[in-house]
Amino acid sequence: MELHYDITKQDYIDFNLNYFVNNAMIQRSILMTRIATAVLVVVGGTVLMYWVKGLSVLSVAVYLALAALCFFGTPWYMKRKVVKNTERILRNANNKQLCGPKTLTLREDEFELSGENEDTVYQYEAVQRTATDAGHYYIFVDEFSAVIVPFSAFEDETQKKAFYERITAHIQDEALKC
């Protein structure tokens, strides 16, 4: 099976957002940041107002509102940073080959991704897990790297299903398949 498709900047942004949203360690880190920031604002603000003799119901209410803003705004801010950092990485001259036309060739024991300044062969056993979103398959070949395959690369649902079955055939744990 041979697939020809283009990887766009949005495909890379979608991959990074998918990883951001679905990685348990990242989500745990964001939760800890949300809690720590909110606690720091409330406790720090209250202590500050106490020291300057300005502690009142209004000042506590202001710090509680600021803490709520920090708690609920952190995920939005972090998601925005993921998009901005991905765009910055793609603007780097060394990363120009990430986007553009790609050819993914599935062979008997391996698959090959080729494109501008890229020609990589992977054994099917190298596939650690797969993920999906509304428009892509992500074929993880290590913890942080994945081959992005947009659904537009497939002629029909039959070809899409055949691709999925072939690429996930060596993944034993069903939980690691999208």
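All figures in this text were calculated on a predicted structure; none of them were measured in a lab.

S.K.: Whenever I open this one, the pairing of strand S7 (residues 146-150) confuses me. Can you help?
M.R.: Along any regular strand the residues' side chains alternate between the sheet's two faces. Most of S7 sits out of view: four of its five residues are buried. Note: strand S6 (residues 136-140) against S7, five bridges, orientation antiparallel. Following the sheet pairing, Ile139 is matched in S7 by Val147. Where S6 hands over to S7, the hairpin turn is made up of five residues, counted between the paired strands.

S.K.: How do you make sense of the layout of surface pockets when you look at a structure like this?
M.R.: Over the atoms, a rolled probe matching the size of one water molecule traces out where space is still vacant. Volume-wise, the largest pocket comes out at about 320 Å³. Breaking the lining of the largest pocket down by element, the ones donating at least two residues are helix H1 (9-22), strand S4 (118-123) and S7. Its residues placed into classes, the lining of the largest pocket shows 11 nonpolar, three polar and two charged. When its volume is computed, the second largest pocket comes out at roughly 230 Å³. Around the second largest pocket, the lining comprises 14 residues; the ones closest to its centre are Asn16, Tyr19, Phe20, Ile26 and Val82. Mapped by element, the contributors of at least two residues to the lining of the second largest pocket are H1, helix H2 (24-51) and helix H3 (57-91).

S.K.: Even after reading the chapter, I still don't get the packing of aromatic side chains, so can you show me in this structure?
M.R.: Each aromatic ring pair is specified by the distance between its two centres and by the angle formed by the two planes. As enumerated under the stated definition, the model contains 10 aromatic pairs in all. Ring centres 5.7 Å apart and planes at 40 degrees place the aromatic pair Phe15 and Phe140 in the tilted group. One end of the pair, Phe15, is in helix H1; the other, Phe140, is in strand S6, with 125 residues separating them in the sequence. In terms of burial, Phe15 and Phe140 fall into one category: buried. Taking the centre distance of 5.2 Å and the plane angle of 55 degrees together, the rings of Phe154 and Phe163 count as tilted. With respect to burial, Phe154 and Phe163 carry one shared label: buried. Grouping aromatic residues by their ring pairs yields a cluster made of Tyr137, Phe151, Phe154, Phe163 and Tyr164. Positioned above the aromatic ring of Phe140, the side-chain terminus of Arg129 is 3.7 Å from the ring centre. Positioned above the aromatic ring of Phe151 is the side chain of Lys160, whose terminal nitrogen or guanidinium carbon lies 3.6 Å from the ring centre.

S.K.: Looking at this structure, how should I read the sheet that holds strand S1 (residues 2-7)?
M.R.: Hydrogen bonds between backbone groups are what pair the strands of a sheet, and the pairing can be parallel or antiparallel. Pairing is antiparallel across the open sheet formed by four strands, whose spatial order is S1-S2-S3-S4. Looking at strand neighbours, the two that pair on one side only are S1 and S4, the edges of this open sheet. When the angles between neighbouring strand axes are averaged without regard to direction, this sheet yields 20 degrees. Two elements, strand S3 (residues 110-115) and S4, share six bridges in a ladder whose sense is antiparallel. Bridge pairing in S4 places Glu110 opposite Gln123. Along the sheet face, helix H4 (residues 157-167) touches S1, strand S2 (100-106) and S3 and points at about 65 degrees away from the line of S2.

S.K.: How should I be thinking about the side chain of Thr74 in this particular structure?
M.R.: Mapped onto the fold, Thr74 is located in helix H3. One polar contact links the side chain of Thr74 to the main-chain carbonyl oxygen of Cys70, over a distance of 2.5 Å. In this structure, Thr74 is in contact with Ile30, Thr33, Arg34 and Leu69, ignoring residues within four places of it in sequence.

S.K.: How do you make sense of the sheet that holds S6 when you look at a structure like this?
M.R.: The strand order S5-S6-S7 describes an open sheet built from three strands, whose pairing is antiparallel. In this open sheet, the two strands that pair with only one neighbour each are strand S5 (129-132) and S7. For this sheet, the mean angle separating the axes of adjacent strands, direction not counted, is 20 degrees. The pairing of S5 with S6 spans four bridges and is antiparallel. Paired with Ala131 across the bridge in S6 is Tyr138. Along the sheet, H1 makes contact with S5, S6 and S7, crossing S6 at roughly 65 degrees. Together, S5, S6 and S7 form the strand contacts of H4, whose direction differs from that of S6 by roughly 15 degrees.

Rules behind the numbers
Residue positions are given per chain, counting from 1 as you read along its sequence in written order. The predicted nature of this model means local features are confined to residues of pLDDT at least 70 and side-chain atom pairs, given and counted, to a pLDDT of 80 or more, with totals for whole chains, interfaces and linings taken over all residues. As a convention, hydrogens and water are excluded, and side-chain values are obtained from all of the structure's heavy atoms. Think of it in three bands: residues with accessible area under 20% of the maximum for their type are buried, residues over 50% are exposed, and the middle band is partly exposed, with areas taken using a 1.4 Å probe on protein chains only. Helical segments are the DSSP runs of H or I of at least four residues, strand segments are the runs of E of at least two, and each set is numbered from the N terminus. DSSP bridges decide pairing: two strands pair if at least two such bridges lie between them. Residues are called lining when one of their atoms sits within 4 Å of a cavity or pocket point, these points coming from a 1 Å grid over the protein atoms alone, where a cavity is a set in which a 1.4 Å probe fits but cannot get out and a pocket is an open set with protein on both sides within 12 Å along at least five of seven lines. Grid points are joined across faces, edges and corners, and a volume is the space filled by probe spheres set on the points. Polar here means any residue outside two lists: the nonpolar Ala, Val, Leu, Ile, Met, Phe, Trp, Tyr, Cys and Pro, and the charged Asp, Glu, Lys and Arg; Gly therefore counts as polar. Paired rings are identified among Phe, Tyr and Trp, the last through its six-membered ring, by centres lying within 6.5 Å, and are further divided according to the angle between planes into stacked (under 30 degrees), edge-to-face (over 60) and tilted (the rest). Over a ring means this: the NZ of a Lys or the CZ of an Arg is within 6 Å of the ring centre and within 35 degrees of the ring normal. Note on definitions: angles span 0 to 180 degrees between N-to-C directions of axes, and those axes are lines fitted to C-alpha atoms, for helices only across the stretch in contact. We call two residues in contact when some of their heavy atoms are within 4.5 Å. Under this definition, polar contacts are N or O atom pairs within 3.5 Å; protein pairs additionally need one hydrogen-donor-capable and one acceptor-capable atom, and for neighbouring residues in sequence, both atoms have to be side-chain atoms.

Nothing here speaks to function; it is geometry throughout.
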